[in-house]
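Analysis of the macromolecular model
The primary structure of each chain is shown beneath.
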Amino acid sequence: MEPNYGILSIIPAFIVIGLALWTKKTMLSLIIGTFIGVVILNGGNVLTAFPATFTDFIVPNMVSEGNIKTLIIITVINGFVKMLKVTGAGQSLAQWAKKGIKSKRSAEVITCASGFAFIYTEPNFVLGVVMRSVTEAFNVARVKLAYITDSLGCNIAALSPICSYGPYYTGLIAAEIAALGLSMDAWSVYWKYLPNNLYSLLAILIVYYVAASGKDIGPMYLAEMRADKTGRLMGPNDDPIIKETADEQFDSNQKLPIRNFVIPMATMFIVLFATIFYTGDLATNGIQVFTNADITLSIICGMTAAGLAAMAVGVAEKIFTIGEGFEKWIQGFIVATEVNLILIMAWALSTVSSDLGLKFFIGDIVESTGFTPALIPAIVFLAGCVISFATGSSWGTTALLMPVAVPICYTYGIEIEISAAAAIAGGLFGDHCSPISDTTIKASMAAACDHMQHVSTQIPYAVTAGACSFVAFVVAGFTDNTIIALVVAFALAILAINVQHKMAKKKYANVDFSDEPINPNLVHDTKK
């Protein structure tokens, strides 16, 4: 029988999220919350809980093959990013982009559109790395870039059949089909699920609307106003998860060749897709190569090759010697240490919450609601939002809710694709905005912004999308029409964003940045 510590199961996640929002210290909050959870699991014995924290939760998560690959990805990407910076690749892209991009709005919209170029994986990290130089050239606040990449990350992946999300969801659906004794094909259900994933669709539509209209809300309005008026892309007290150094900056008047950017990026894509086609056996699997390939390994190989290509560019341009270039590449690896530690502790907390039975505690509540059948998908979605925000895991949340949602909905005549969509969408909410979600952490890292500032500036958008998605699932439940539900929800979302925009505009109308200190982590300031 699976463990269920009842109300105690929610304590670690509650402590971590509360402390993180209060102290702005993600790592400290994760350590405290995780340790308290281990103490609960050890019957309140602090002495046995201390070593168990390492042996049972931290070390196992460090040696898991999938997690090791993720840590390697973070490391080699940071090396690649470092090489792009020290060779002026980002500045060369920004100089080139300014010829075609004429406004801040255009820069944000193009960043959104570029997310679909990475549908074979979660695009948030790579998208942020590639487009950051462009958004910074047009004074887009770093937290705004983090919001854009985070909103597109898990949500595009959840709608893409050629990345790991598709086969994972299909596997969960197949298990429920088998349990119900049905003969339908799981992939046919998956294709029907796509238009029913109302949260992902709504979150993507909202981020496009915000980027195109500039309707910033909450603390994001202040961050963007600061960027517009002063050119400072971070607040005075922001502590970016990735910090810049002086050797990464070039004179703004120095013209750098676009090949400094093109050569490393072309190398990355060539090696990445070559590895995908090799590991996925293109000759045998054809179009299904993406679902059979080792995408994680492919990204590792692509980023490593790109880092080496950038090093070669730097040597050819006489920016540095081979020895100096290699040293700078390694410096990029070292920068990833803090991010990797945060991820490890986030995984440890997720394991602790699982062992405490958090998902079963909330799942039991959902199963015993007794609401009218038309409301069940909306209740499943709401439960998924709570679980995923508390655990930071969309896949874990979906794996829990699918066996609860599908049988209950099927019993009441609700289509499997709708119940599956509700379970998946609920999981994606937390993955999108929880401070302990690895996706949220990666978005902060890609934008080089303060992690808790990213969380606090993104939450108003995510909650708006979540609340309107709840309404959408209610409408869909009563009308059995997803299109009507999405239209109603999007209209509500636009209304809510415009109201919040006016509130933020009024709240921050008299803010004066003239006496505000410059963040020491900003190596350069575009408007002195």
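Refer to the structure printed above.
Residues numbered from 1 in each chain as written. Predicted model: local features only at pLDDT ≥ 70, side-chain atom pairs only at ≥ 80, totals over all residues. Heavy atoms only, no water.

A few words now on the overall build of the chain. Along its length, the chain carries 24 helices and zero strands. For the chain, the C-alpha atoms occupy an extent of roughly 70 × 55 × 50 Å along the three principal directions. Across the 528 residues of the chain, 56% fall into the buried class. In the chain, the share of contacts with a sequence separation of at least 24, taken over all contacts with a separation of at least 6, comes to 80%. Surface accessibility of the chain: about 21000 Å² in total, with carbon and sulfur atoms responsible for 66%. (Helix = DSSP H or I, 4+ residues; strand = E, 2+ residues; numbered from the N terminus. Buried < 20%, exposed > 50% of the residue type's maximum accessible area, 1.4 Å probe, protein only. Contact = heavy atoms within 4.5 Å. Areas by Shrake-Rupley, 256 points an atom, 1.4 Å probe, with all protein chains shown as cover.)

Okay, the packing of helix H17 (residues 322–356) against helix H22 (residues 438–447) next. Interaxial distance between H17 and H22 falls to 10 Å at its minimum, and their mutual angle equals 170°. By the angle class used here, H17 and H22 are roughly antiparallel. Listed contacts from H22 to Val 339, Ile 342, Leu 343, Ala 346 and Trp 347 of H17 are Asp 438, Ile 441 and Met 445. (Axes fitted to C-alpha atoms, helices over the stretch in contact; angles between N-to-C directions. Parallel < 35°, antiparallel > 145°, perpendicular 65-115°, else oblique.)

The next point concerns the packing of aromatic side chains. Geometry of an aromatic ring pair is reported as the spacing of the ring centres plus the angle between the planes. One pass over the full model with this rule turns up 13 aromatic pairs. Geometrically, the ring pair formed by Tyr 147 and Tyr 461 is stacked, given 4.3 Å between the ring centres and 20° between the ring planes. Remark: Tyr 461 occurs in helix H23 (residues 451–479) and Tyr 147 occurs in helix H8 (residues 142–158); sequence separation between them is 314 residues. The pair Tyr 147 / Tyr 461 is uniform in exposure class, with both members buried. Seen from their ring centres, Tyr 190 and Tyr 193 are 5.5 Å apart, and the 40° between their planes marks the pair as tilted. (Phe/Tyr/Trp six-rings, centres within 6.5 Å; stacked < 30°, edge-to-face > 60°.)

Before going further, it helps to examine the side chain of Thr 439. Checked against the element boundaries, Thr 439 lands in helix H22. Residue class for Thr 439 comes out buried when judged on its relative accessible area of 0%. There is a polar contact of 3.0 Å between the side chain of Thr 439 and the side chain of Asp 431. (Polar contact = N/O pair within 3.5 Å; in protein donor to acceptor, adjacent residues only side chain to side chain.)

The next point concerns helix H3 (residues 46–63). For H3, spanning 18 residues, the distance from its first C-alpha to its last is 25 Å, which sits close to the expected 26 Å at 1.5 Å a residue. Remark: the principal bend of H3, roughly 45°, maps to Ala 52. The complete set of buried residues in H3 reads Ala 49, Ala 52, Thr 53, Phe 57, Ile 58 and Asn 61. Measuring from the backbone nitrogen of Leu 47 back to the side-chain oxygen at the start of H3 gives 3.0 Å, which picks out Asn 45 as the cap. (Expected span 1.5 Å × (residues − 1). Bend = angle between axes of the 7 residues up to and from the residue.)

This part takes up the pattern of salt bridges. Using the criterion set out here, one finds twelve salt bridges in the structure. Across the salt bridge formed by Glu 65 and Lys 69, the nearest N and O atoms sit 3.5 Å from each other. One end of the pair is Glu 65 and the other is Lys 69, both in helix H4 (residues 65–86) and four residues apart, which spans about a single turn. The exposure class assigned to Glu 65 is exposed, which follows from its relative accessible area of 57%. (Salt bridge = Lys/Arg side-chain N within 4 Å of Asp/Glu carboxyl O.)

Backbone geometry follows two general trends: most residues other than glycine have a negative phi, and most peptide bonds adopt the trans configuration. The backbone phi angle of Lys 318 is positive, close to 60°, even though this residue is not glycine. Structurally, the position occupied by Lys 318 is in the loop between helix H16 (295–316) and H17. On the basis of relative accessibility, which here comes to 74%, the residue Lys 318 falls in the exposed class. The phi torsion at Ala 448 lies on the positive side, around 55°, for a residue other than glycine.

This part takes up a nonpolar patch on the surface. A cluster of nonpolar side chains, Phe 50, Phe 54, Val 59, Met 62, Val 63, Ile 68 and Ile 72, forms an exposed patch at the surface whose accessible area comes to about 600 Å². Of the residues forming the nonpolar patch, the biggest block, five residues, is contributed by H3. Among the secondary structure elements, Ile 72 is positioned in helix H4. (Patch = residues over 30% accessible without salt bridge, like charges linked within 9 Å, V, L, I, M, F, W, Y side chains within 5 Å.)

Let us look at the side chain of Ser 419. Structurally, the position occupied by Ser 419 is in helix H21 (residues 416–433). Not counting the four nearest positions on each side in its chain, Ser 419 is found in contact with Ala 405, Val 406 and Cys 409.

Looking now at the environment of Pro 219. Here Pro 219 is to be found in helix H12 (residues 218–230). Sequence spacing of Pro 219 and Gln 458 is 239 residues, and the spatial spacing of their C-alpha atoms is 8.7 Å. Here Pro 219 is in contact with Ser 456, Thr 457, Pro 460 and Tyr 508, once residues within four sequence places are set aside.

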